[in-house]
Structure formats: structure tokens, C-alpha cells
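Residues per chain are reported as follows:
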Amino acid sequence: MKKMIMSTALIAAMGVPAFATQFITIGTGGVTGTYYPTGGAICRMMNKNRKTTGIRCSVESTGGSVYNVNTINANELDFGIAQSDTAYQAYNGEGKFKGKAIKGLRSVLAIYPELLAFVVTKSSGIKSLKDVKGKKLNIDIPGSGTRMTTDIVLEAFGIKHSDLALANELKSSEGPTMLKDNKIDGYFGVFGHPTANIKDASNSVDIDLVPIEGAPIDALVKKYSYYAKGVISGTFYKGVKHDTPSIGVKAVLVTKDSIDDKIVYTVAKTILDNFDEFKKLHPAYKTITKESLLDGLAVPQHPGAIKAFKEAGLLK
């Protein structure tokens, strides 16, 4: 059986643009996390508009931030989602990337905040970080992202581990059970919100979220480019009716400097042009704004993305 091969000229004569579609892949994370549906939301937006953009987008479930950055660097992914602190370390050759700086890494936009939550029982009487002295808290395991951010925040407020009655070092996933069993007064966790973790806690005990704000937080955001302020909505968790200001890292869409300016421009522009629709695609986007897409980028922005943000009047 002969294969039918159409020439480029014949395709053009039929009114179909030859080789018009460009394929891009976004690396995300595990299918149960927030990165995977976020990659899906971006691809849904791109694919819905592919007749005008000529770009077809697919999502890949991956090992997360570090994997995505390394795989983009190896030219095996076009885009990926990474924590802003991971991107910063990769670009500057720090942490897990010590001696292996990835200077070609570029940011496109910062999507949503992964904010530090300080979850306490209402009976603990903890209303602010000043109230933690003599309390039993879980501060997460050494080496985790939550622990790093928690220690930086506590230090900024002049709080030492020795000021606590107990500084427990278990994963934040153990927090809800420890609260329920009355073993701790509160725990810290960096999450994309809303999260099942805090929902579990609120279903078994009366919880509150403690605001993490003030001059020490302003100073941290100024000092560390990968940190950004954000708000945990008062609609997310049972018993917590107030919005809660906090600090955290951002889930950033990253790419490589060698990716075509036009492709990156089109991705950024599509999200900006359809922003209200994009915000509805996941609860984690509830509090984001077009302006917040530029907070916590931590590595240089790709020229294609800069062009899109300038056109939208968001960059000078």
C-alpha cells in the first residue's frame, strides 16, 4: 500500500499553513500536587487558542522543581514549574546546584504563592508570632523547604528554638494528627493553598491561621529575591474566616534563554490576555493578580516574557 505524501505547496494550496504548529512541553510535578494541574491549566489556555498562536502544548508529570530545571537545561523540556528558591539556587550555583550554576535559566512568570502557614489550635491562644514563647510547635524536618523558611522567619522575629517548650522536627504532613492528639499547639507548612493538609486539621480541631507580617517580613522580601508576600484566603479553611497575610516562595514558570522569543512571548501573552479565565482554573489562583505574576521571579526574565508584560503595561 502506497503512502500518500502531500507536498508543502499542495498543503498551502489547500489553505493549511505548512509546518505551522509548534509543540511545547511543560514539566510539572506529581499528579496529586498543584504543579501538575497548573501545567494543565497553562496548556488548556494555549491549546484553546492554538488556531491563532500555532502552539500546541502538552504536560509531563515529573519529579518537580529540581528535575524540571535540570531537564530544561538538558534541552529535554521547553518549560517547567519550579519553586522560586530552587530557580534562584540553580541560576546562582547554590544549594543542590553548588558548582553547577545554570546561567541559561530564565523565568516567564510567577504563577501562585506557596505560602508559609502557621496553623494553631484556637485553644492555644496564639494570635501572633510574639505569642509562641513557651509553646509546643512542629517546625518540620531539617533540610526541608518548610524548615528553611520557618527558621528564617523565626530568626527575623528574634525567636530561638530554645524559646519554645518543644521544637518538634516531624514533616508538616504529621501536623494535623499531632494537633488532634494535643501533642503540639501549632505547626508550620509551606503549601499551595487551599491544601488538604489544613483541611484535615480543621475537620478534627478548631484551628486558626496566624498572620506572618510586619517590618521583619518586609525586610526578608527585600533581602531574598525569591520570597514574596501573599494572602491565604479566608474562604479556604473551616473556622478561619479572615484573610491571613504571609510570606513564601512562588511557583514560577521557567524556561531556557535559547527558547525562541516568539514562543515565550505567546505563552505569557495568552495567560495575560485570558487572565480572568485562567484564574478560574484552580483554587490556588484565587488571590493572584497580573502584578503578582512578577513577584518572586528570582532569575532574569526571558526577553519574550518581558515584551508581553511591557505590552500589558505591567513593566516599564
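Residues numbered from 1 in each chain as written. Predicted model: local features only at pLDDT ≥ 70, side-chain atom pairs only at ≥ 80, totals over all residues. Heavy atoms only, no water.

Q: How would you explain the state of the cysteines if you had to name every residue and give the values?
A: Throughout the structure, instances matching the rule amount to one disulfide. Here C43 pairs with C57 through a disulfide, and the sulfurs are 2.0 Å apart. One quick way to see it: the torsion about the S-S bond of C43 and C57 is about -55°, and its sign makes the bridge left-handed. In this pair, C43 sits in helix α2 (residues 35-48) while C57 sits in strand β2 (residues 55-60), placing the two residues 14 residues apart along the sequence. Across the pair, exposure class does not vary: C43 and C57 are buried alike. (Disulfide = S-S within 2.5 Å. Helix = DSSP H or I, 4+ residues; strand = E, 2+ residues; numbered from the N terminus. Buried < 20%, exposed > 50% of the residue type's maximum accessible area, 1.4 Å probe, protein only.)

Q: Could you give me a rundown of empty space enclosed by the protein, with the residues and numbers involved?
A: According to the stated counting rule, one finds one cavity of 30 Å³ or more in the structure shown. Empty space within the largest cavity amounts to approximately 50 Å³. In terms of lining residues, the largest cavity is bounded by P113, L115, H193, V231, F236, A284 and T287. In the lining of the largest cavity, the residues fall into five nonpolar, two polar and no charged. (1 Å grid on protein atoms, 1.4 Å probe; cavity = no way out; pocket = protein on both sides within 12 Å on 5 of 7 lines; lining within 4 Å. Points joined across faces, edges and corners; volume = space filled by probe spheres on them. Nonpolar A, V, L, I, M, F, W, Y, C, P; charged D, E, K, R; others polar.)

Q: Residue-level account of the nonpolar core, with values.
A: Counting residues in hydrophobic clusters, the biggest one holds 51 residues, and the most contacted among them are I42, F79, L109, I111, L253 and F278. Residues within four places of I111 in sequence aside, it is in contact with T38, I42, I81, K250, A251, V252, L253, F278, Y285, I288 and L293. Ranked by size, the runner-up nonpolar core spans 24 residues in total, among them V120, I126, Y227 and V249. (Core = buried A, V, L, I, M, F, W, Y, C linked by side-chain atoms within 4.5 Å. Contact = heavy atoms within 4.5 Å.)

Q: Quick one: what's the story with the packing of α2 against helix α10 (residues 261-273), residue by residue and with numbers?
A: The N-to-C vectors of α2 and α10 enclose an angle of 95°; their axes lie 10 Å apart at closest approach. Put simply, α2 runs roughly perpendicular to α10. Of the residues in α10, those touching α2 at I42, M45 and M46 are T266, V267, T270 and I271. Partitioning the contact of α2 with α10 into residue classes produces five nonpolar, two polar and no charged. (Axes fitted to C-alpha atoms, helices over the stretch in contact; angles between N-to-C directions. Parallel < 35°, antiparallel > 145°, perpendicular 65-115°, else oblique.)

Q: How would you explain the layout of surface pockets if you had to name every residue and give the values?
A: Considering only enclosed or pocket space, the largest pocket measures out at about 980 Å³ in volume. Q83, E114, G145, T146 and V190 are, among the 36 residues lining the largest pocket, the residues nearest its centre. Those elements that provide at least two residues to the lining of the largest pocket are α2, α4 (65-73), α5 (84-92), β4 (105-121), α6 (145-156) and β7 (186-192). Ranked by the residues each element gives to the lining of the largest pocket, the list is headed by α6, at four residues. Residues of the lining of the largest pocket, tallied by class, amount to 10 nonpolar, 21 polar and five charged.

Q: Now, about the packing of α6 against helix α9 (residues 215-223): what can you tell me, with residues and values included?
A: Contact geometry of α6 with α9 gives a least axis separation of 9 Å together with a crossing angle of 130°. Of the possible angle classes, the one that applies to α6 and α9 is oblique. Note on packing geometry: the crossing formed by α6 with α9 is right-handed. The residues of α9 that touch α6, namely those facing I152, V153 and A156, are P216, I217 and L220. Per-class residue counts for the contact of α6 with α9 are six nonpolar, no polar and no charged. (Left-handed = near helix turned anticlockwise from the far one by under 90°.)

Spatial relationships are all this shows, so hold off on functional conclusions.
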